[in-house]
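Working through the structure, step by step
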Amino acid sequence: MSSKKNKFAGSVRIASACLLAFSIQAALAQQQLPVNAAEGGNLWFVELSANPIADGNSKKNIAAAQGQFRKAAKDAGVQFKERRSFDTLFNGFSIEISPAERAKLMQIPGVKAIYPVELIQTPNPEINSGGSAADMATAISMTGADIAQNTLGYTGTGIKVAVMDSGIDIDHPDFGGNGSNGSTAFPTPRIAYGYDFVGDAFNADPTSPSYNPVPNPDDNPDDCGGHGTHVAGIVGANGTVVGVAPDVTFGAYRVFGCNGSTTADIMIAAMERAYADGMHILNMSIGSAFQWPQYPTAQAADRLVEQGMVVVASIGNSGGSGLYSAGAPGLGEHVIGVASFDNVTLSDVLQVAGRNITYNTMSFSVPAPTAGNEDLVFIGRACNGDPLLAIPAGKAALAERGVCTFREKALNAINAGATSVVIHNLNPGNFSGTLSGPVGPVPVVSISLEDGMFIRGQAAPVLTWTDQKLPVGGLISSFSSYGLSPDLALKPDIGAPGGSIFSTYPLERGGFATLSGTSMSSPHVAGSAALLLQAKPETPVMSVRSVLQNSADPKVWSLNPGLGFLDNVHRQGAGMVDVDDSITANTYITPGKIATGEGEAGPFSQRLTVYNNGTEAVTYQLSSVNALSTGGIITPSFFAGNASVSFSSDMLTVAPGSSATVDATITPATLPDYGQYGGYIVFTPDDGGQAYRVPFAGFVGDYQSIQVLAPTGNGFPWLAQLSGGFFAPCTVNCSYSMQGDDLPWFLIHFDHHARYMEMNILHAGSMQPVHPVFHKTNVYDYLPRNSTPTGFFTFSWDGTRIHSNGGKGKTKVVPDGDYVLQLRVLKALGDESNPAHWETWTSPVITIAR
């Protein structure tokens, strides 16, 4: 196979298309697919060719380049509304522009790339009013932060931590507030920096009833949503809750209103403000899933690190959507992308056939009893219209998760006489659910898939309620996103507690809450970085991630821990952060992680440098251990890893205050086909001290063998017609007036990320381009995959083509007639000169009849 190249010299790309995702479950039988009413596809980043200030350019040069762009766009007749301009971490603009005008924009001189401004949903983790400060103390102990505080004496003093989120409750006593709503003046000694970019009423989501896209910024970043206060409490609350680094100084950069969503351009504005304020660390428990590391928020975050700020970001909560689901900015090359482990908590227990089964009581359910026996029957899915598989009158009902809401299942069981309701998961592990309101005096609880199937295998099961509690947690959270990055970089980087975390919350919303999400794990790592920088202020910012990774602790497979397999490297990264070991370590190994790329290329060699900062020579024994491999993409399957690692020497002695190198050669795993594998290189010192690890991960086989344009059960791609809010496929007599929605629509399922897609217009009869050179209607760069096996993206063609003449962009109307549109997709990391790395689809004949 040819070497991989990504060269598109002399052209402008739309980086990651303006994509609208739609659900297709509603009308498969009719082969009609409903349109999602979501808008928001007219907001775009424009990246200019000149470097930003962070990359060495001057403000004067950037101002000139931006002025030239504005003039050229005006001269070309491009109509758009400028939202924001950027010069420090990103050189360009965010604008509002129509699809037709966007085609002209692509040809403006000085434009490097165009990216959609993603709508960033408010992180909405599971909220539980239970819990206590002891739960936070448990989470702190899982990372060694308690030892760092109480034994080593580090609390984050002198370190400034920025929290980009929904703000921080200025009045909260755990941040030094006076405890009375609205009466604490900003800034305060603890929250000394910050800015509100949006105002209380801001909500960028056009589908929301409270849609209000107009920011109303002010100087006070007080929090009325709650998420930011919770995150900040994990970083460094100091009161009822004691965070990881309780003496840090905060910067609060508010990008969310009280409810709703924000946009990616506001995130970049907040990054630039945090940079101007001289923050040492930035935590972003925020992001957009299924992205590429080239997305502007990831680019800007990388530049922050290059300029001396540690950047930590949640990797995302899309674990249920399979591999390659990590989000930006956590995918950034220099960003510390954080996975979530469940906090160790005590879980309630019921028993069936002598088996202890831990359960979660659903939100709005009455408490489960602590004693008593009930016959238990399996009733099936229990959605409206589903026949119950057994009559649960006077008995406990077991239902399976899926298709309809938990409330619907519970009410159907209760209306049939059930005395309690148990819902088992459809994926391994348990889950937390909500009934969205009371359902009466009947308890409703959730259990794992494994326990559900065990119960279903019993002939006449009897449920016994108990008052027992068992410790659960310490393993990867079910919601935590999988890597790798679509460019096969190793992501996530590291993990921390994020499931069931008790922390601060706005006073008007109760003061404290228990939340779950990678939003909660990221601030554990941000706080750990603060402790490390206080303890070792000489640590280069670019080295902080590797220092933390070297001492992290990989955990066993969450779905069956008894087997002893290590969980996927592309799920947990280096493992659980262990900050006290990072602080006390005298060993530093670089690189801190290894991405081996495609297995098709054969063994991968990496030179590792080991630094001994101690006062005595240390001899290290080198070894390796495999983690589990995964197959598939959206629905992972799991395999024992079979990669192997050899070393230039199995032992390495490093003199005090010196360094030495060793070469590691990683032979890729052979199973599963087109899967991901990983493991850890282990350095065990002869002095009995802690072991150090370097995670590695890669792809099994030929990465370009993954099909991108998967047909699914619907036979995608489609040429479609839109009528009455539904798409219908068209294969013959496909005529379009090009008025309103009567345009050619293209429905495409992406089973995997695509590096590039172009849409070419050809004459239907001759299959020749409509113009010998200028025949493209659109080009798109860095496209994400669909999040579900049946999801799809839509594109439309407005009947024009791009014409470039001497660098001046124009669009030309294609005359009435018969055409076909050819899609060409370059696979991730594909070589554009290799035909095998492209997928092509040609539409049915499109008749334009205006």
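I will try to describe carefully the structure that is included in this document.

Focus on empty space enclosed by the protein
With the rule as written, the count across this model stands at one cavity of 30 Å³ or more. Considering only enclosed or pocket space, the largest cavity measures out at about 30 Å³ in volume. Considering the residues around the largest cavity, the lining is formed by Y703, Q704, I706, V708, H752, H753, K827 and A828. Classifying every residue of the lining of the largest cavity by side-chain character gives four nonpolar, three polar and one charged.

A word on the packing of helix α10 (residues 518–535) against helix α11 (residues 541–550)
To characterise two packed helices, one gives the angle between the axes of the helices and the distance between these axes. At a closest axis distance of 11 Å, the pairing of α10 and α11 adopts a crossing angle of 105°. Accordingly, the angle class assigned to the pair α10 and α11 is roughly perpendicular. Within the contact between the two elements, α10 uses V525, A529, L532 and L533 and α11 uses V544, V547 and L548. Looking at the contact of α10 with α11 residue by residue, the classes come out as seven nonpolar, no polar and no charged.

Here we look at the pattern of salt bridges
Evaluated as defined, the whole model comprises 22 salt bridges. Measuring nitrogen to oxygen at the nearest pair gives 2.9 Å for the salt bridge that ties R824 to E758. Taken together, the residues span a long stretch of sequence, with R824 in strand β49 (residues 817–827) and E758 in strand β44 (residues 754–763) at a distance of 66 residues. Residue R824 is classed as partly exposed on the basis of its relative accessible area of 23%. Among the ionic contacts, a cluster of salt bridges with common partners joins K491, D493, R545 and K593.

Considering the packing of aromatic side chains
All chains considered together, the criterion is met by 25 aromatic pairs. Plain terms: the ring middles of F45 and Y295 are 6.1 Å apart, the flat faces sit at 80° to each other, and that makes the pair edge-to-face. Linking F45 in strand β4 (residues 43–48) with Y295 in the loop between β15 (288–289) and α7 (296–306), this pair joins segments that are 250 residues apart in sequence. The two residues F45 and Y295 agree in class, both being buried. Arranged with centres 6.4 Å apart and planes meeting at 90°, the rings of Y115 and Y295 form a pair that is edge-to-face. Residue Y115 is located in strand β7 (residues 111–116), and its partner Y295 is located in the loop between β15 and α7; the two are separated by 180 residues in the primary sequence. In this structure, Y115 and Y295 share a single accessibility class: buried. Taken together, F45, F86, F90, Y115 and Y295 form an aromatic cluster joined through their ring pairs. Positioned above the aromatic ring of F454 is the side chain of R355, whose terminal nitrogen or guanidinium carbon lies 4.5 Å from the ring centre.

Describing α11
In terms of burial, α11 is largely enclosed, as eight of its 10 residues are buried. For α11, every residue scored as buried is listed here: S543, V544, R545, S546, V547, L548, Q549 and N550.

A look at unusual backbone geometry
For the bond running from L671 to P672, omega is -5°, close enough to zero to count as cis. Inspection of the secondary structure puts P672 in the loop between β37 (658–667) and β38 (676–685). Of note, T712 is a non-glycine position whose phi angle comes to about 55°, a positive value. Within the secondary structure, T712 is located in the loop between β39 (692–699) and β40 (718–723). Under the relative-accessibility criterion, T712 is labelled partly exposed at 23%. The phi angle at Y782 is positive, at roughly 55°, despite the residue not being glycine. Take Y782: it is sitting in strand β45 (residues 776–783). On the basis of relative accessible area, Y782 is assigned to the buried category, the value being 14%.

Digging into the nonpolar core
Membership of the largest hydrophobic core comes to 53 residues, with the highest contact counts inside it found for F250, I281, I494 and V525. At nine residues, the largest contribution of residues to this core is made by α10. In this structure, F250 is in contact with V161, V163, I168, F175, R190, I191, A192, Y193, A232, V235, G236 and M279, ignoring residues within four places of it in sequence. Listed in part, the 43 residues of the second largest apolar core include L43, V255, M279 and L282.

A few points about the sheet that holds β37
Reading across the sheet, the four strands line up as β29-β31-β37-β35 and stay open at both edges, with antiparallel pairing between neighbours. In this open sheet, the two edge strands, each paired with only one partner strand, are β29 (587–590) and β35 (644–647). For this sheet, the mean angle separating the axes of adjacent strands, direction not counted, is 30°. Where β29 meets strand β31 (residues 604–612), four bridges bridge the pair, whose relative direction is antiparallel. Bridge pairing in β31 links T587 to N612.

Description of the pairing of strand β14 (residues 281–284)
Going residue by residue along β14, you find I281 and N283 tucked away on one face and L282 and M284 tucked away on the opposite face as well. Across four bridges, strand β10 (residues 160–165) lies against β14 in parallel orientation. What sits directly across from A162, in β14, is L282. Where β14 lies against strand β16 (residues 310–314), four bridges are found, and the strand directions are parallel. Bridge pairing links M284 to A313 in β16.

Reading the values: rules and limits
- Residues numbered from 1 in each chain as written.
- Predicted model: local features only at pLDDT ≥ 70, side-chain atom pairs only at ≥ 80, totals over all residues.
- Heavy atoms only, no water.
- 1 Å grid on protein atoms, 1.4 Å probe; cavity = no way out; pocket = protein on both sides within 12 Å on 5 of 7 lines; lining within 4 Å.
- Points joined across faces, edges and corners; volume = space filled by probe spheres on them.
- Nonpolar A, V, L, I, M, F, W, Y, C, P; charged D, E, K, R; others polar.
- Axes fitted to C-alpha atoms, helices over the stretch in contact; angles between N-to-C directions.
- Helix = DSSP H or I, 4+ residues; strand = E, 2+ residues; numbered from the N terminus.
- Parallel < 35°, antiparallel > 145°, perpendicular 65-115°, else oblique.
- Contact = heavy atoms within 4.5 Å.
- Salt bridge = Lys/Arg side-chain N within 4 Å of Asp/Glu carboxyl O.
- Buried < 20%, exposed > 50% of the residue type's maximum accessible area, 1.4 Å probe, protein only.
- Phe/Tyr/Trp six-rings, centres within 6.5 Å; stacked < 30°, edge-to-face > 60°.
- Lys NZ or Arg CZ within 6 Å of the ring centre and 35° of its normal.
- Core = buried A, V, L, I, M, F, W, Y, C linked by side-chain atoms within 4.5 Å.
- Pairing = 2+ DSSP bridges.

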